[in-house]
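# Survey of secondary and tertiary structure
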Amino acid sequence: SNNFFKANDDCLKAYQMDSIYTDNVIWHQDVGRALMFSWGNKGEAVNTDGSVIFRDTFIIHDQVGFRRATVFPTADVPLGLQAGMMYYSSLINAQHSPSNRIGMEDSPVYIENLVIESRVGSILLITNGFYALDNKAPWMYKDGCTGPVFLRINGLDLSRLKGQAAPSVVGGCDLDTSV
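Report on the accompanying structure. Since the structure is predicted, the reported quantities are computational estimates derived from the model, not experimental observations.

## Some words on the overall build of the chain
The helix and strand inventory of the chain stands at one helix and 12 strands. Here the chain holds 179 residues, and 47% of them are scored as buried. Taking the intrachain contacts of the chain between residues at least 6 apart in sequence as the baseline, contacts between residues at least 24 apart amount to 75%. Accessible surface, the chain as shown: approximately 8800 Å² in total, 51% of it carbon and sulfur.

## Some remarks on the nonpolar core
Core analysis: the biggest nonpolar cluster contains 24 residues, and Phe37 and Phe54 have the highest contact counts within it. Of all the secondary structure elements, the ones that give two or more residues to this core are strand E3 (19-28), strand E4 (35-38), strand E5 (52-62), strand E6 (90-95), strand E7 (109-120) and strand E8 (122-127). In terms of residue count, E7 provides more of this core than any other element does, five residues in total.

## Quick look at the packing of aromatic side chains
Any aromatic ring pair is given by two values, namely how distant the centres are and how the planes are angled relative to each other. Per the stated rule, a full pass over the model turns up two aromatic pairs. Between tyrosine 21 and phenylalanine 54, the ring centres sit 4.6 Å apart and the planes meet at 10 degrees, which makes this aromatic pair stacked. Placement of the pair is tyrosine 21 in strand E3 and phenylalanine 54 in strand E5, with a sequence separation of 33 residues. On the accessibility criterion, tyrosine 21 (17% relative accessible area) is buried. Relative to phenylalanine 54, the ring of phenylalanine 37 lies with its centre 5.5 Å away and its plane at 75 degrees, an arrangement referred to as edge-to-face. With phenylalanine 37 in strand E4 and phenylalanine 54 in strand E5, this residue pair connects regions lying 17 residues apart in the sequence. Both residues of the pair, phenylalanine 37 and phenylalanine 54, belong to the buried class. One aromatic cluster in this structure is built from Tyr21, Phe37 and Phe54.

## Looking at the sheet that holds E5
Paired through backbone hydrogen bonds, the strands of a sheet run either parallel or antiparallel to each other. Ordered by their spatial adjacency, five strands build an open sheet running E1-E3-E5-E7-E11, and the pairing between neighbours is parallel. This sheet does not close on itself; its edge strands, each paired only once, are strand E1 (3-7) and strand E11 (151-164). Between one strand and the next, the sheet's axes are offset by a mean angle of 15 degrees, whatever the strand orientation.

## Let's talk about unusual backbone geometry
The backbone phi angle of aspartate 23 is positive, close to 50 degrees, even though this residue is not glycine. The topology assignment puts aspartate 23 in strand E3. A relative accessible area of 34% means that aspartate 23 is categorised as partly exposed. Of note in the backbone geometry, aspartate 56 takes a positive phi value of approximately 55 degrees without being a glycine. Relative to the helices and strands, aspartate 56 resides in strand E5.

## Looking at the environment of asparagine 3
Here asparagine 3 is to be found in strand E1. Those residues within four positions of asparagine 3 in sequence are excluded, and the remaining contacts are Asp23, Asn24 and Val25. At 3.2 Å, the side chain of asparagine 3 forms a polar contact with the side chain of asparagine 24.

## Description of the side chain of threonine 22
Of note, threonine 22 is situated in strand E3. Those residues within four positions of threonine 22 in sequence are excluded, and the remaining contacts are Ser1, Asn2, Arg55 and Asp56.

## Things to note about the pattern of salt bridges
Considering all chains together, one arrives at four salt bridges under this definition. Between aspartate 10 and lysine 13 there is a salt bridge, with its nearest N and O atoms 3.8 Å apart. Here aspartate 10 falls in the partly exposed class, since its relative accessible area comes to 22%. Judged by its relative accessible area of 35%, lysine 13 is partly exposed. Glutamate 117 is the partner of arginine 160 in a salt bridge, and the nearest nitrogen-oxygen pair spans 3.5 Å.

Reading the values: the criteria
Residues numbered from 1 in each chain as written. Predicted model: local features only at pLDDT ≥ 70, side-chain atom pairs only at ≥ 80, totals over all residues. Heavy atoms only, no water. Helix = DSSP H or I, 4+ residues; strand = E, 2+ residues; numbered from the N terminus. Buried < 20%, exposed > 50% of the residue type's maximum accessible area, 1.4 Å probe, protein only. Contact = heavy atoms within 4.5 Å. Areas by Shrake-Rupley, 256 points an atom, 1.4 Å probe, with all protein chains shown as cover. Core = buried A, V, L, I, M, F, W, Y, C linked by side-chain atoms within 4.5 Å. Phe/Tyr/Trp six-rings, centres within 6.5 Å; stacked < 30°, edge-to-face > 60°. Pairing = 2+ DSSP bridges. Axes fitted to C-alpha atoms, helices over the stretch in contact; angles between N-to-C directions. Polar contact = N/O pair within 3.5 Å; in protein donor to acceptor, adjacent residues only side chain to side chain. Salt bridge = Lys/Arg side-chain N within 4 Å of Asp/Glu carboxyl O.

Here is the structure:
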């Protein structure tokens, strides 16, 4: 609680239950994500639920937002999607691991009062499917679909956002945004 982070890699990592992050200011640099839920590696994160809470978070700078995007993620080309995710990193990221779940339907992971300002690379990347690309991307473990992602965001303030280099991506297997 009550921290200032100037981070050049993942900053606040929700890799375990009973994690509460409050009153944090983040100056995000070139690498990693500001709020990280999962990277897609085998065994890298455990199950999470509503006991994981981000409250009153301010992302005041994202270095990636000041670069010109030349390759956008595309849903029809897995390599293009992964290249886009790597080079235009999102501030909020959950690339679902094959062995864990992120949130539950009745107990989602919770983000409350998130303020994003300045320019950003991309705001959101949430996927529950991934490709190992014939083992050219071994960090993704294997091709396939994984469990659902339950994430609730209340109080997202984009009034001071000046632009983004690449669009947000929400996708995967059996996508249902109505929950």
